[in-house]
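Inside the fold
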Amino acid sequence: MIRIAQLSCGPEYSGVQGELQKAADMVGAELVFPEVSLEDVRDVENRFGIEVASGDLNLAMARATRIVENPDLADAVFVATCFRCAEGAIVRSEIRKYIHENSRIPVLSYSFTERTTAETLLTRMEALVTTARFKGLLSRERQTGLTAGIDSGSTTTKSVVMRDNEVIGIGWVPTTEVIKSAEAAYSEALESAGVKREEIEGLGTTGYGRHLIGKHFVAKLVQEEITVNSKGAVFLADAQKGNATVIDIGGMDNKAISVQDGVPGTFTMGGICAGASGRFLELTAKRLGVDITELGKLALKGDHKRVPMNSYCIVFGTQSLVNSLSAGSSPEDVAMAACHSVAEQVFEQQLQEVEVKEPVIMVGGTALIEGLPRAMEQLLGLKVTVPDYAQYIGCVGASLLVSGLVED
């Protein structure tokens, strides 16, 4: 059983500790609370260089030092504080950074609310367990044989077929009925590759519908999207050695993953509002009367500084968009402002929870909206790489990983 050290403040008072335990049980993990001495707690502020009022936060920092000094105490770390607590956010960031810099233990950083449920935590916990349990598989750098992957996403379903480390077939359809869309995308990829379904040696599934389609196709690999997407991203960007940062802005949520030698180190997932997702960019394209595939090129001609745009809420962001157009702003400026709005929220939330190290790899369908990687480059002051097949990273990661299971 994978031991997840819980370093937290407030889950008992918020009524979510039971949900954390339930999520851990669902993925076959055990939550552990490393023992520390009173002296450890008293000394921890000097070690971290910060003074906090909360005893629970001091305890969390003391436990972090204990884990770094005794890595056999836990296989993974879950750092969680209340969404409303600024002090908690600072300590959470410092703990995550401390463990990341001083160990190879995977870390999940999370801010909870009173409404956090086990279902909300499931994918995150699953990724933490997968990273701890299957480091050997996640370190795999080559795809071998003839394998396929299907990514059942919230808005689109994708599939690829790979042969001996090369993508030879792709399929893409909008997600409607989960199994029906998966069948369509998979059939399209097989036809594109010129191979028959019975020739496929192994199939991997990921995404929101992974369990349903995994059962339908009798997949050899059914895995959450955090580890699979990071594997696909560093593979496609030829960045499997050393450090890398993966940014995936999806249709419903966002992921920021710090990767070391192809394996996730620290990661975070989610967003407070759809204003930081691909959905907002779809609404922007619709309001401007252009196809979503044209929005990026339009944005590159604009200047976001000319348009005030709310970067927090999809409702107010859309209102800002409408008001700006009514005031005479150009479509180009509005398009770039929308891209900056999404990038800013990801920067202010997800990217504060991981160590951003080059190369920075942006993936997912939104990465093809050229204004979005440009906006992220401007915010980070770093080059952002968008690899070929960026929208297929989940399928590629699943296809690569399942080839390891086929070999075994």
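Our structure's up above, just so we're on the same page.
Keep in mind that what you see is a predicted model, and the values were worked out from it rather than measured.

Let's talk about the overall build of the chain
A tally of helices and strands in the chain yields 16 helices and 14 strands. What you see for the chain is a C-alpha radius of gyration of 21 Å, in line with the 22 Å of a compact globule of 408 residues. Per-residue burial over the chain gives 57% buried out of 408 residues. A total of about 16900 Å² of accessible surface is found on the chain, and carbon and sulfur atoms cover 49% of it.

Digging into the side chain of Thr131
By the secondary structure assignment, Thr131 is in helix α6 (residues 118-133). Given a relative accessible area of 0%, Thr131 falls into the buried group. With residues up to four places along the chain from it excluded, the contact list for Thr131 reads Pro106, Leu138, Thr227, Val263, Pro264 and Phe267.

Some details on the packing of aromatic side chains
Between two aromatic rings, the relevant description is the distance of the centres plus the angle of the planes. Here the structure, examined in full by the defined rule, presents 4 aromatic pairs. When the ring of Tyr186 is compared with that of Phe217, the centres are 5.4 Å apart and the planes differ by 90°; the resulting orientation is edge-to-face. A residue pair is termed long-range when its members are at least 10 positions apart, and Tyr186 in helix α8 (residues 178-193) and Phe217 in helix α9 (residues 210-217) qualify at 31 residues. For Tyr186, a relative accessible area of 2% translates into the label buried.

Observations concerning the nonpolar core
Membership of the largest hydrophobic core comes to 53 residues, with the highest contact counts inside it found for Ile4, Phe78, Met125 and Val396. With residues near it in sequence (within four places) discarded, Met125 still touches Ile4, Leu20, Ala23, Val27, Leu31, Phe78 and Leu108. Counting 34 residues, the second-largest nonpolar core is a separate cluster that includes Ala256, Leu288, Val307 and Ala390.

Here we look at the environment of Ala184
Along the polypeptide, Ala184 turns up in helix α8. Take Ala184: its relative accessible area is 35%, and that puts it in the partly exposed class. With 25 residues separating them in the primary sequence, Ala184 and Ser159 have C-alpha atoms 9.2 Å apart.

Quick notes on the pairing of strand β3 (residues 76-82)
For β3, the buried fraction is high: 7 of the 7 residues fall into the buried class. Note that strand β1 (residues 2-9) and β3 share 6 bridges and pair parallel. Of the residues in β3, the one forming a bridge with Gln6 is Phe78. Note that β3 and strand β4 (residues 107-112) share 6 bridges and pair parallel. Across the sheet, the residue bridging to Thr81 is Ser111, located in β4.

What about the pattern of salt bridges?
Scanning the model with the defined rule gives 18 salt bridges in all. Glu69 serves as the salt-bridge partner of Arg47, at 2.7 Å between the closest nitrogen and oxygen. Here Glu69 lies in helix α4 (residues 55-69) and Arg47 lies in helix α3 (residues 38-48), a separation of 22 residues in the sequence. In this structure, the salt-bridge partner of Glu282 is Arg279, at a minimum N-O distance of 3.2 Å. Of this pair, Glu282 and Arg279 both sit in helix α11 (residues 278-288), 3 residues apart, which is roughly one turn of the helix. Using a relative accessible area of 41% as the deciding quantity, one classes Arg279 as partly exposed. Each of the salt bridges in this network shares a partner with another, and the network as a whole consists of Glu126, Arg210 and Glu225.

Points about the sheet that holds strand β9 (residues 221-222)
Pairing within the open sheet is mixed, and its 5 strands lie in the order β7-β6-β5-β8-β9. Only two strands of the sheet have a single neighbouring strand rather than two, namely β7 (166-174) and β9. Where strand β6 (residues 156-163) and β7 come together, 8 bridges link them in antiparallel fashion. Bridge pairing links Arg163 to Glu166 in β7. Along the sheet face, α8 touches β5 (146-152), β6, β7 and β8 (202-207) and points at about 145° away from the line of β7.

Quick word on the layout of surface pockets
Taken as a whole, the second largest pocket spans an internal volume of roughly 700 Å³. What lines the second largest pocket is a set of 32 residues, among which Thr155, Thr156, Gly364, Gly365 and Thr366 lie closest to the centre. Of all the secondary-structure elements, those providing two or more residues to the lining of the second largest pocket are β6, α10 (225-236), β10 (243-249), α11 and α12 (292-299). A breakdown of the residues in the lining of the second largest pocket according to their chemical character gives 10 nonpolar, 14 polar and 8 charged.

Side note on the sheet that holds β10
Overall, mixed pairing links the 9 strands, which are arranged β2-β1-β3-β4-β12-β11-β10-β13-β14 in an open sheet. Since the sheet does not close on itself, it has two edges, and those belong to β2 (29-32) and β14 (384-385), each with one partner. Of the pairings in the sheet, the one linking strand β11 (residues 254-260) to strand β12 (residues 263-269) comprises 6 bridges and is antiparallel in character. Bridge pairing links Lys255 to Met269 in β12. In the packing of α4 onto the sheet, contacts are made with β1 and β3, and the angle to β1 comes to roughly 150°. Packing against the sheet, α10 makes contact with β10, β11, β12 and β13 (360-363), and its axis sits at approximately 60° to β11.

Here is what the cut-offs are and how they apply
All residue numbers here refer to positions counted from 1 along the written sequence of the relevant chain. Residue-level local features of this predicted model are given only where pLDDT is at least 70; pairs of side-chain atoms are given and counted only at 80 or more, and the full residue set underlies all totals for whole chains, interfaces and linings. Calculation of side-chain values draws on the structure's entire complement of heavy atoms; hydrogens and water are dropped beforehand. Comment: elements are numbered from the N terminus, with helices defined as DSSP H or I runs of at least four residues and strands as E runs of at least two. Atoms counted for the radius of gyration: C-alpha only. Globule rule: 2.2 Å times the number of residues to the power 0.38. Whether a residue is buried, partly exposed or exposed follows from its accessible area with a 1.4 Å probe, protein chains only, as a fraction of its type maximum: under 20%, in between, or over 50%, in that order. Throughout, the Shrake-Rupley method with a 1.4 Å probe supplies accessible areas, and for residues the shown protein chains are the sole cover considered. Should any heavy atoms of two residues lie within 4.5 Å, those residues are counted as being in contact. Note on aromatic contacts: the rings of Phe and Tyr and the six-membered ring of Trp form a pair at centre separations within 6.5 Å, being stacked when their planes are under 30 degrees apart, edge-to-face when over 60 apart, and tilted otherwise. We define a nonpolar core as any set of buried Ala, Val, Leu, Ile, Met, Phe, Trp, Tyr and Cys residues linked to one another through side-chain atoms lying within 4.5 Å. Each pair of strands is called paired provided DSSP finds at least two bridges between the two strands. We count a salt bridge whenever a side-chain nitrogen from Lys or Arg sits within 4 Å of a carboxyl oxygen from Asp or Glu. Inter-axis angles, ranging from 0 to 180 degrees, are taken between N-to-C directions of lines fitted to C-alpha atoms, where helices are fitted over the stretch in contact. Space inside and on the surface of the protein is sampled on a 1 Å grid over the protein atoms alone, with a cavity defined as a set of points where a 1.4 Å probe fits but cannot get out and a pocket as an open set with protein on both sides within 12 Å along at least 5 of 7 lines; lining residues have an atom within 4 Å of a point. Grid points are joined across faces, edges and corners, and a volume is the space filled by probe spheres set on the points. Lys, Arg, Asp and Glu make up the charged group, whereas Ala, Val, Leu, Ile, Met, Phe, Trp, Tyr, Cys and Pro make up the nonpolar group; the residues left over, Gly among them, are polar.

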